[in-house]
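Survey of secondary and tertiary structure
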Amino acid sequence: MVDYHAANQSYQYGPSSAGNGAGGGGSMGDYMAQEDDWDRDLLLDPAWEKQQRKTFTAWCNSHLRKAGTQIENIDEDFRDGLKLMLLLEVISGERLPKPERGKMRVHKINNVNKALDFIASKGVKLVSIGAEEIVDGNAKMTLGMIWTIILRFAIQDISVEETSAKEGLLLWCQRKTAPYKNVNVQNFHISWKDGLAFNALIHRHRPELIEYDKLRKDDPVTNLNNAFEVAEKYLDIPKMLDAEDIVNTARPDEKAIMTYVSSFYHAFSGAQKAETAANRICKVLAVNQENEHLMEDYEKLASDLLEWIRRTIPWLEDRVPQKTIQEMQQKLEDFRDYRRVHKPPKVQEKCQLEINFNTLQTKLRLSNRPAFMPSEGKMVSDINNGWQHLEQAEKGYEEWLLNEIRRLERLDHLAEKFRQKASIHEAWTDGKEAMLKHRDYETATLSDIKALIRKHEAFESDLAAHQDRVEQIAAIAQELNELDYYDSHNVNTRCQKICDQWDALGSLTHSRREALEKTEKQLEAIDQLHLEYAKRAAPFNNWMESAMEDLQDMFIVHTIEEIEGLISAHDQFKSTLPDADREREAILAIHKEAQRIAESNHIKLSGSNPYTTVTPQIINSKWEKVQQLVPKRDHALLEEQSKQQSNEHLRRQFASQANVVGPWIQTKMEEIGRISIEMNGTLEDQLSHLKQYERSIVDYKPNLDLLEQQHQLIQEALIFDNKHTNYTMEHIRVGWEQLLTTIARTINEVENQILTRDAKGISQEQMQEFRASFNHFDKDHGGALGPEEFKACLISLGYDVENDRQKQTGSMDSDDFRALLISTGYSLGEAEFNRIMSLVDPNHSGLVTFQAFIDFMSRETTDTDTADQVIASFKVLAGDKNFITAEELRRELPPDQAEYCIARMAPYQGPDAVPGALDYKSFSTALYGESDL
């Protein structure tokens, strides 16, 4: 075999923008668009990679065997480029450039590049596939390259009914399998999983090889293997797929399926050629029948359209005018109906006629048929000439209709315009003469007069604006006379009446203006006094309202300082009352002066002061109200002052007692903390001392009761703060309860230590040593040890984790042993320490109390029963069996204890179990908390 290699280059693949090389076709864009799919999903699914490796390897070997060779590993066997170039020569039938000799990497790269150059020469642009990736054994790139070769040389040239490549292959499969039940080929993945489609393809072309009716859709593995074996044995199509891989994959690899199916297409290509020939004959006949049908349709459509044009043109050339606009509008409506309803279908018919003619001629030309020649007078040009004549007549008819309507509309419009403007003017002037003659100004106020003057000025402006309308009315009447309008007499009469009324309105307007201006001057003097009164009465009225609001305002104070501030502010308010009384008298004097001027000039005032609603009666009434409220406010402030003085006394009384009780409780808490740490003497002495201390605390209870009584008085007085102390009753209560709880807990702790000592046989010296070690490592004196403090405490007492017992070191005392352990760096094992922590801190709080510490040390230093000892005892009762029966328990134990065990023992599950056997081992383990009971 020749040695191939090529230069190091990098290629890209994609749709070719220029013409394809040898063997290229028009479907390159299609199949290379499919190639893009490979770059996105290749090797994302290991199952797909496995399918592609097997299928692509089998496909390559089906061609390489023609050259007497094959490949085993698709990643490795193409790395030197030799078999790759050989594969391309076999499938293309062309010779590639001579390969380079040598085993170096550069020789391999050059050989692969020659193969890639050949692929590119066939119109394939490789994307992201370079020779180095193939030489390096890149599985993704190698599979992508082989898929590109399969597309170009095995799938691209497949063509079925003007579809090619993938679409053509899919259409071929659909056509071939259409008659078969349970087969519906829609894609190249899940449509092939049950194997029926493969069997249907074989049966369609070689029915003697497959008994299709015996296949079951629910047995896909058998179906697939049957098709693969028949294809390999009788059709020379190698087995490229595994039935189990296809069935066990949710979505089989599309490229593997396409590659295998394309082999069936090429194997049955001979039968395909016969089918293609039949299709070609059917296609030719169908084209000929369609052309004849189009010719008949053209002749009929052309005849109908020309007849319609012949009938329509005389109607459009009719120019007889009508006498009324209504008749002309009916003609226009008929014409519009022709445009909207009758003509559009004919326009569509004409357009369709031309399209059909052009389509027919194009089809005849493409099928090598002679051009179509319509009957005489039915050529497209004849129809266009008739249509042009129709449109000319239509245009002239429309222009004539519009001109006639415009002429009649002009006269009707002028007459209607005159009537409309005249009606608007007459409606506007209605009531205007009566309004101008009204003497409403004789009893009006100054503000009314000014409003009437402004209203009159607006009317004068409106009157001037209507001058144009009167002139327009006269101009329209003149134009109607000139156009000889049939109702000119009535128009002239109405116009004259409008002009006469207009002159009368002008005269009345001038007279009313003079009367209004005279009355205005007479009322201005009185109005000035009203304005002055309003300016001074409003703020004074507001002051009185604010004063009444303040005098009646509810107040809430909590300290003596706040009430004294309110009393001071009230005294300051009372000092302003004399000045306020003088202002009241001045305001009332202004009102009296205005009344005097009106009476002396015989002016009828139509109402109260227009600038204010505050009357002298209102001012006097509110002033009397203020005078009544002042002494009431004095009384209320004095009462509140007395109340606040009483509250201040209660605050000081409570603070004096609380400032004694609070520190006393805090001191006792600290003393108890020191006692619980120091604990000198025997446990009985400590217990006696603590109980005496407890009695002294209880004897202090009357002081707390006295404080509660004082607090009750404060609550009844609604006192919420006390600046004389930082203690609240809640703080005192909580502190007292904590004090009682702490002393009781400390007493209970000593009592438990006595019980532990007596029950476990711990000496007083051991107990003191445990207490001393615990206190030594309780750095914060909180009565509990953290994990690290507890570990250090155990080490200091000589606890040996590895042997799970306390170390005995001859005559060495605990202090010497502790020093020895620390000096040698001895530490507990992590697992053993975690076990100990689970015993002393079962709730995982992270703290070890002294009582838990004593319990643990007592267990470690005294002889106690263990789970193993109990199991051994049960084994003796059971006669050395691994289980025990209820009868044996009732025989060997007291009745109540025997029933206790029977109720809690689980059935024995061992291989030597007998009916009624009970598991005493799990029961014994559960007794010591090492498993669930």
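Structure shown above.
To keep things clear, this report deals only with the structure shown in the data block. Just so it is clear, the model here is predicted, and its values are computed rather than measured. (Residues numbered from 1 in each chain as written. Predicted model: local features only at pLDDT ≥ 70, side-chain atom pairs only at ≥ 80, totals over all residues. Heavy atoms only, no water.)

It is worth spelling out the overall build of the protein chain at this point. For the protein chain, the count of helices and strands is 33 helices and 10 strands. Looking at the 933 residues of the protein chain, the share that counts as buried comes to 41%. Taking all contacts inside the protein chain whose residues are at least 6 apart in sequence as the whole, residues at least 24 apart take part in 75%. Within the structure as shown, the protein chain displays about 51000 Å² of accessible surface, and the carbon and sulfur contribution to it stands at 51%. (Helix = DSSP H or I, 4+ residues; strand = E, 2+ residues; numbered from the N terminus. Buried < 20%, exposed > 50% of the residue type's maximum accessible area, 1.4 Å probe, protein only. Contact = heavy atoms within 4.5 Å. Areas by Shrake-Rupley, 256 points an atom, 1.4 Å probe, with all protein chains shown as cover.)

Examined against the element boundaries, Asn-248 turns out to sit in the loop between α10 (243-247) and α11 (254-267). Expressed as a C-alpha distance, the spacing of Asn-248 and Ala-47, which sit 201 residues apart in the sequence, is 9.0 Å.

This next bit is on the packing of aromatic side chains. Taken as a whole and judged by the stated rule, the model has 33 aromatic pairs. Feature note: the residues Phe-188, Trp-192, Phe-198, Phe-228, Tyr-260, Phe-264 and Phe-268 constitute an aromatic cluster, connected by ring pairs. Sitting above the plane of the Phe-153 ring, Arg-152 keeps its charged end 5.2 Å from the centroid. Over the ring of Phe-883 we find Lys-881; its NZ or CZ atom is 5.6 Å from the centre of that ring. (Phe/Tyr/Trp six-rings, centres within 6.5 Å; stacked < 30°, edge-to-face > 60°. Lys NZ or Arg CZ within 6 Å of the ring centre and 35° of its normal.)

This part covers the packing of helix α30 (residues 867-877) against helix α33 (residues 920-927). α33 packs onto α30 with a crossing angle of 150° between their chain directions and a minimal axis gap of 9 Å. The orientation of α30 with respect to α33, classified from their angle, is roughly antiparallel. Note that α30 runs across α33; the crossing there is right-handed. Across the interface between the two elements, Ala-867, Val-870, Ile-871, Phe-874 and Lys-875 from α30 touch Tyr-920, Lys-921, Phe-923, Ser-924 and Thr-925 from α33. (Axes fitted to C-alpha atoms, helices over the stretch in contact; angles between N-to-C directions. Parallel < 35°, antiparallel > 145°, perpendicular 65-115°, else oblique. Left-handed = near helix turned anticlockwise from the far one by under 90°.)

The next point concerns the pattern of salt bridges. Summed over the entire model, instances satisfying the criterion amount to 51 salt bridges. Between Asp-634 and Lys-574 there is a salt bridge, and its shortest N-O distance comes to 3.4 Å. On the criterion of sequence distance, the pair formed by Asp-634 in helix α21 (residues 616-678) and Lys-574 in helix α19 (residues 560-574) is long-range, its members being 60 residues apart. The class of Asp-634 is partly exposed, set by a relative accessible area of 23%. Across the pair Glu-708 and Arg-733 runs a salt bridge whose closest N-O atoms are separated by 2.8 Å. Of this pair, Glu-708 sits in helix α23 (residues 701-716) while Arg-733 is found in helix α24 (residues 729-760), placing the two residues 25 residues apart along the sequence. On the basis of relative accessible area, Glu-708 is assigned to the partly exposed category, the value being 27%. Connected via shared salt-bridge partners are Arg-339, Lys-343, Glu-394 and Glu-398. (Salt bridge = Lys/Arg side-chain N within 4 Å of Asp/Glu carboxyl O.)

Turning our eyes to something else, we now look at the nonpolar core. In terms of nonpolar packing, the biggest core is built from 80 residues, with Ile-149, Trp-192, Phe-198 and Phe-264 touching the most fellow members. If one sorts the elements of this core by residue count, helix α6 (residues 139-155) sits on top with 11 residues. Beyond its immediate sequence surroundings of up to four residues, Trp-192 is in contact with Cys-173, Val-185, Asn-187, Ala-197, Phe-198, Leu-201, Leu-224, Ile-246, Ile-257 and Val-261. Core analysis: the next-biggest nonpolar cluster, separate from the first, contains 47 residues, Phe-654, Val-661, Leu-687 and Val-750 among them. (Core = buried A, V, L, I, M, F, W, Y, C linked by side-chain atoms within 4.5 Å.)

Along the chain, Gln-156 falls in the loop between α6 and β3 (159-160). One polar contact links Gln-156 to Arg-152, side chain to side chain, over a distance of 3.1 Å. (Polar contact = N/O pair within 3.5 Å; in protein donor to acceptor, adjacent residues only side chain to side chain.)

This brings us to the environment of Leu-687. Along the chain, Leu-687 falls in helix α22 (residues 683-698). Linking Leu-687 and Val-750, residues 63 residues apart in sequence, is a C-alpha distance of 6.3 Å. Leu-687 has contacts with Ile-747, Val-750, Glu-751 and Ile-754, leaving out every residue within four places of it along the chain.

A rise of 1.5 Å per residue sets the reference length of helix α18 (residues 488-552), with its 65 residues, at 96 Å; its end C-alpha atoms lie only 83 Å apart and thus fall more than 12% short of the reference. At Glu-524, α18 shows its strongest bend, of approximately 35°. (Expected span 1.5 Å × (residues − 1). Bend = angle between axes of the 7 residues up to and from the residue.)

Once that is clear, we can look at the environment of Leu-650. Mapped onto the elements of the fold, Leu-650 is located in helix α21. Along the sequence, Leu-650 and Ile-719 sit 69 residues apart, while their C-alpha atoms lie 9.0 Å from each other. In this structure Leu-650 touches Leu-713, Ile-714, Ala-717 and Ile-719, once residues within four positions along its chain are discounted.

On inspection of all chains with the given rule, the structure shows 0 disulfides. Cys-495 carries a free sulfur, and the closest cysteine sulfur to it, the one in Cys-499, is 4.5 Å from it. (Disulfide = S-S within 2.5 Å.)

In this section: the side chain of Thr-746. Here Thr-746 shows up in helix α24. Thr-746 sits in the buried class, given a relative accessible area of 7%. From its side chain, Thr-746 meets the backbone oxygen of Thr-742 in a polar contact 2.7 Å long.

Right, let's talk about the packing of helix α17 (residues 467-482) against α18 for a bit. Contact geometry of α17 with α18 gives a least axis separation of 10 Å together with a crossing angle of 160°. Classified by the interaxial angle, the pair formed by α17 and α18 is roughly antiparallel. In this structure, the crossing between α17 and α18 has a hand that is left-handed. When α17 is examined against α18, the residues Gln-467, Val-470, Ile-473, Ala-474, Ala-477, Leu-480 and Asn-481 are found in contact with a partner set consisting of Ser-488, Val-491, Asn-492, Cys-495, Ile-498 and Trp-502. Tallied by class, the residues present in the contact of α17 with α18 amount to 9 nonpolar, 4 polar and no charged. (Nonpolar A, V, L, I, M, F, W, Y, C, P; charged D, E, K, R; others polar.)

Bringing unusual backbone geometry into the picture now. Here Asn-182, not a glycine, exhibits a phi torsion of approximately 65°, which is positive. As for its position among the elements, Asn-182 is in the loop between α7 (165-177) and α8 (196-205). Judged by relative accessible area, Asn-182 falls into the partly exposed class, the value being 45%. Non-glycine residue His-844 carries a positive phi angle of around 55°. Position of His-844 among the secondary structure elements: in the loop between α28 (830-840) and β8 (848-849). Residue classification places His-844 among the exposed positions, given a relative accessible area of 67%.

Note that all results are geometric; they support no functional claim without further evidence.
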